[in-house]
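A structural walkthrough
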Amino acid sequence: MVATKKELYQDMVAFYGNLYGLPPLNAKIYVYMMLDLKADGYTFDELLEKFNVSKSSLSNSLQMLVQNKYVEYITPIDSRKRYYRINPKFMGIRFGNILDKLLREKELMQRMIQFNKQTRHPNEPAIKGISQYISILNKHIKTIESTVKTLHQ
């Protein structure tokens, strides 16, 4: 089944809104920019016309998207207007955040093993299971480290 652009847009808004915890308007703006990539970006007025919301709602949404680095703005030398666009560095930032979480989880699991070994009656099956989990984390950490390195080049 081939999805229409509208269906794809709606599905992406729901997915990315949930994934990133974005309010509905923020998710709509983010996905709109993803689907209709304009290298030079969108002006505030273009987005205002597209989404038909109040200036303050749009301003707050754009501010949040910029703050969290989903979107960036540029101001061309010959213009006073800001142009908003998808942050080209966002994937690197996103994978960097994932890597940080995996490294933190690995460190916690290692501490859990050490704690368990220091108890009076170490739980060997638990230690073995956690060790296997750390091994899986290590594989994913290596993959994501490689991805981050590639994205930063």
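Before reading on, note that the structure itself is shown above.
As a starting point, this report considers the structure included with it.

Taken as a whole and judged by the stated rule, the model has four salt bridges. A salt bridge links arginine 85 to glutamate 72, with the nearest nitrogen and oxygen atoms 2.7 Å apart. Linking arginine 85 in strand 3 (residues 83-86) with glutamate 72 in strand 2 (residues 71-74), this pair joins segments that are 13 residues apart in sequence.

Within the largest apolar cluster, 24 residues are counted, with the highest numbers of intra-cluster contacts made by Ile29, Tyr30, Met33, Leu47 and Tyr70. When residues of this core are traced back to their parent elements, those giving at least two are helix 1 (5-20), helix 2 (24-35), helix 3 (44-51), helix 4 (55-67) and strand 3. By residue number, the principal contributor to this core is helix 2, which donates seven residues. In this structure tyrosine 70 touches Tyr20, Leu22, Tyr30, Met64, Leu65, Ile86, Asn87 and Phe90, once residues within four positions along its chain are discounted. The next biggest cluster of nonpolar side chains, apart from the first, holds eleven residues, and it includes Leu99, Ile127, Ile130 and Leu137.

Parameters and conventions
Residues numbered from 1 in each chain as written. Predicted model: local features only at pLDDT ≥ 70, side-chain atom pairs only at ≥ 80, totals over all residues. Heavy atoms only, no water. Salt bridge = Lys/Arg side-chain N within 4 Å of Asp/Glu carboxyl O. Helix = DSSP H or I, 4+ residues; strand = E, 2+ residues; numbered from the N terminus. Core = buried A, V, L, I, M, F, W, Y, C linked by side-chain atoms within 4.5 Å. Buried < 20%, exposed > 50% of the residue type's maximum accessible area, 1.4 Å probe, protein only. Contact = heavy atoms within 4.5 Å.

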